[in-house]
Amino acid sequence: VLNPQRSTAHHPLFQVALVLQNTPPGEFRLPGLHVTPDGVGLGRSRFDLLFSLTEAPSGGMNGLVEFATDLYDATTVSRLVERWERLLLEVLDAPTAPISRASLMSVEESARLARWNDTAEPLAWRSLADLFEASVARDPDAVVLEEGAEQLTYGRIEERANRLAHRLIERGVGPESIVGLLLPRSVELVVAVLAVLKAGGAYLPLDPGYPAERIDYMIADARPVLVLGPEALREDLSAYPVTRPDRDVRETNPAYVIYTSGSTGRPKGAIMSHAGIASFAQTQLNRRDADASSRFLQFSSPSFDISVWELLFTFAVGARLIISGEGPLAGEALRDALAKERITHALIPPSVLATLPAEAATSLTDLRTLVVGGEACPPDLAARWSAGCTVVNAYGPTEVTAWATSYPTTGYDAAAGTVPIGRPVVNAAAHVLDDRLCPVPPGVVGELYMTGPGLGRGYLGRPALTAERFVACPDGSGRRMYRTGDLVRWRSDGQLEFLGRADAQIKVRGFRIEPGEIEAVLTEVDEVRQAVVVAREEGDGDKRLVAYVVPEQDSTAGSGETVAVEHVEEWQKLYDSVYAEFEVDEFGEDYTWWDSSYSGEPIPLEQMRSWRDAAVARIRELRPRRV
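Below is a summary of the structure that appears in this document. All figures in this text were calculated on a predicted structure; none of them were measured in a lab.

## Examining the overall build of the protein chain
In step 1: A tally of helices and strands in the protein chain yields 17 helices and 29 strands.
In step 2: A globule of 627 residues ought to have a C-alpha radius of gyration of about 25 Å, yet the protein chain, at 32 Å, is considerably larger.
In step 3: Taken along the three principal axes of its C-alpha coordinates, the protein chain extends 105 × 100 × 50 Å.
In step 4: By the burial criterion, 44% of the 627 residues in the protein chain qualify as buried.
In step 5: In the protein chain, the proportion of contacts linking residues at least 24 apart, taken out of those at least 6 apart, comes to 62%.
In step 6: When the accessible area of the protein chain is evaluated, it comes to approximately 33,600 Å², of which 53% is carbon and sulfur surface.

## Things to note about the pairing of strand β8 (residues 178–181)
In step 1: Residues Ile178 and Gly180 of β8 are buried on one face, and the alternating residues Val179 and Leu181, pointing to the opposite face, are buried as well.
In step 2: Both β8 and strand β9 (residues 202–205) contribute to a ladder of four bridges, which runs parallel. From the neighbouring strand, Ile178 faces β9, where its bridge partner is Ala202.
In step 3: A crossover connection joins β8 to the parallel β9 through helix α5 (residues 187–198); in handedness this β-α-β unit is right-handed.
In step 4: Pairing geometry for β8 and strand β10 (residues 226–228), over three bridges, is parallel. Pairing of Leu181 across the sheet is with Leu228, part of β10.

## Digging into the packing of helix α3 (residues 128–138) against helix α4 (residues 154–170)
In step 1: Between α3 and α4, the shortest axis-to-axis distance is 9 Å and the interhelical angle comes to 135°. With respect to α4, the axis of α3 lies oblique. Both α3 and α4 take part in a crossing whose hand is left-handed. Contacts between α3 and α4 involve Phe132, Glu133, Ser135 and Val136 from the first element and Tyr154, Gly155, Ile157 and Glu158 from the second.

## Here we look at the packing of aromatic side chains
In step 1: Scanning the entire structure with this criterion turns up 15 aromatic pairs.
In step 2: Centre to centre, the rings of Phe132 and Phe315 are 4.9 Å apart; their planes meet at 80°, and the pair counts as edge-to-face. With Phe132 in helix α3 and Phe315 in helix α9 (residues 306–317), the pair connects residues that are 183 residues apart, well separated along the chain. Comparing Phe132 with Phe315 shows no difference in burial state: the two are buried.
In step 3: Connected via pairs of aromatic rings, a cluster forms that spans Phe280, Phe296, Trp309, Phe313 and Trp403.
In step 4: Cation over ring: Lys268 sits above Tyr459, and NZ or CZ is 5.6 Å from the ring centre.

## So, α3
In step 1: Among the residues of α3, Leu128, Ala129, Leu131, Phe132, Glu133, Ser135 and Val136 are the ones counted as buried.
In step 2: Looking at the buried residues of α3, the elements they touch are β6 (143–147), α4, α5, α8 (277–287) and α9.

## As for a nonpolar patch on the surface
In step 1: Where nonpolar side chains cluster on the molecular surface, the patch consists of Leu2, Leu13 and Phe14 and spans about 330 Å² of accessible area.
In step 2: On the secondary structure map, Phe14 appears in the segment before β1 (16–21).

## Quick word on the packing of α3 against α9
In step 1: Between α3 and α9, the shortest axis-to-axis distance is 7 Å and the interhelical angle comes to 30°. Relative to α9, the crossing made by α3 is left-handed. Here α3 contributes Leu128, Leu131, Phe132, Ser135 and Arg138 to the contact with α9, which in turn contributes Leu311, Leu312, Phe315, Ala316 and Val317.
In step 2: Classifying every residue of the contact of α3 with α9 by side-chain character gives eight nonpolar, one polar and one charged.

## Some words on helix α6 (residues 212–222)
In step 1: Buried residues of α6: Ile215, Met218, Asp221 and Ala222, and no others. The buried side chains of α6 occupy one side of the element, clustering within an arc of 135° when seen end-on. Exposed positions of α6 whose direction lies more than 90 degrees from the buried face are Glu213, Asp216 and Ala220.
In step 2: Buried residues in α6 make contact with β8, β9 and β11 (254–260).
In step 3: Immediately downstream of α6, the backbone of Arg223 shows phi near 50°, a positive value.

## With respect to the environment of His345
In step 1: Within the secondary structure layout, His345 lies in strand β15 (residues 345–347).
In step 2: Expressed as a C-alpha distance, the spacing of His345 and Gln298, which sit 47 residues apart in the sequence, is 9.8 Å.
In step 3: Filtering out sequence-adjacent residues up to four positions away, His345 remains in contact with Asp289, Ala290, Ser294, Arg295, Phe296, Leu297, Leu367, Arg368 and Thr369.

## Some details on the nonpolar core
In step 1: Formed by 88 residues in total, the largest nonpolar core has its most connected members in Ile157, Leu168, Leu181, Phe315 and Trp403.
In step 2: The leading source of residues in this core is α5, at ten residues.
In step 3: If near-sequence neighbours (up to four positions away) are discounted, Ile157 is found in contact with Phe132, Val144, Leu145, Leu152, Val187, Val191 and Leu194.
In step 4: Within the second largest apolar cluster, 28 residues are counted, among which are Val352, Leu370, Leu381 and Trp385.

Reading the values: rules and limits
Residues numbered from 1 in each chain as written. Predicted model: local features only at pLDDT ≥ 70, side-chain atom pairs only at ≥ 80, totals over all residues. Heavy atoms only, no water. Helix = DSSP H or I, 4+ residues; strand = E, 2+ residues; numbered from the N terminus. Rg over C-alpha atoms; globule rule 2.2 N^0.38 Å. Buried < 20%, exposed > 50% of the residue type's maximum accessible area, 1.4 Å probe, protein only. Contact = heavy atoms within 4.5 Å. Areas by Shrake-Rupley, 256 points an atom, 1.4 Å probe, with all protein chains shown as cover. Pairing = 2+ DSSP bridges. Right-handed = clockwise from strand over helix to strand, strands pointing away. Axes fitted to C-alpha atoms, helices over the stretch in contact; angles between N-to-C directions. Parallel < 35°, antiparallel > 145°, perpendicular 65-115°, else oblique. Left-handed = near helix turned anticlockwise from the far one by under 90°. Phe/Tyr/Trp six-rings, centres within 6.5 Å; stacked < 30°, edge-to-face > 60°. Lys NZ or Arg CZ within 6 Å of the ring centre and 35° of its normal. Patch = residues over 30% accessible without salt bridge, like charges linked within 9 Å, V, L, I, M, F, W, Y side chains within 5 Å. Salt bridge = Lys/Arg side-chain N within 4 Å of Asp/Glu carboxyl O. Nonpolar A, V, L, I, M, F, W, Y, C, P; charged D, E, K, R; others polar. Arc of directions from axis to C-beta. Core = buried A, V, L, I, M, F, W, Y, C linked by side-chain atoms within 4.5 Å.

Right, dumping it as structure tokens:
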């Protein structure tokens, strides 16, 4: 039965119409008068978008476009008509060519996209350790790490990292090798990261707060040459040199491996090289909003790619990194940490930022730059915080060195709607493509592909998945693109606008989550036949994962029977505790407290029996296994 939802706002069956008026015009003559039809505008649109074509008596066609002004403006509709005309002309010029080869973009639009992607800056590649050593050379006595009352200088951390690097080399660490770091946010973690990089290896952050099964899987999958825990950092290394080891490290060697959610039920390790570090750092230096006096907050989990941003930007300007201690921060605890430590720069996911008290946006006067990333930023949140500091809406998957585009703003107007994700960082380019890898014009939705030195090498031990996500650039340049899976469009001002996902991947509190990974784990349970996982947004705007399962029919007599027995026993206890003091002659005849809502008097026994019999009959119609 066709029964679409009715609405006074739109036609129930379709909202876009193309009409060809090819009947002869209704012209006629009266004595001394020639009558021809003349169109009259109604002042309102019958559809969201209506294209009306009329065959002209002299040949050709006349066209009229009618549109709903709540959804479109005249500029957008004019551009749509221009592209339609361009498509028709290309088809006429080459009628035998596939329609997919026709370009909808004008020369001017192509030039505009090229300008928006012109981010080239010649830079020599530098590793994270190189950035740190440059700050050591500028001022070795400057404080780089602060954890509670403990303060350590750049020079002191350099010595500790160099000694540990020599020890790691002795234990077989070098280029193309991986070292697991089972450490929380701490001074030791920073020392270990630098030491692994100085030894030429790549570090694999392992958050001790993760489930043991997750950590075991990452270690087994990555097969690191060794795993460093807190006890390894307490080893006496005084016999090792304080100078940096001489290692032949190249920009293509891996710098770190970060595991992200996998759709097949297995997390995947993204291998990130040193190549994108310099461009990443230059983006921050070009903003000129941080210097040696800045105080960055180490907020994120070590296994979260935001932790790379915290280290990189601190070292790039010779600033100070404030370690907030173990465990997650949110709400008043996060507000107190930001105020107590006089934080000037922080990267906080929007869902966590939303937990701070409303007054924090104005009371945290030391905060100069607040980077929000990991998930879409609500307009009202950007407006609230940008009133007192610069808010940078940052976008970037793990596979592109954590930061691909950014949009800085002050005094953002929530009425402007969606907060853009901005333009590409230094030496990166953003390509909005259709399903045939052809560029789409500004304003048209497409999938975002990124190019540049920040692209990772691929996924550890997953060549098929690497080939699927890291694809060849269609311009024939030999460059690679990373397929982000995100749907975006270019705005007229050259800013990218995030619109959602092209697949099932979701983000919750900044973490990329593949529902398929969780569904695969759920269906491993014998009693579960099917499972679907979705992100449901609660009333407070917080997203939570919800799983829906279909049980195996054969399993209902097993554990399900136990649950049913326990359920009945709970109700039996409740019944006995409430009705034990009342004497009842016959089971099912006790209607104590069933009083009329109108008179307050007990409901007549015959009416209660009739209600009881009807309820029992309805239950038995469902054929329950037991009552």
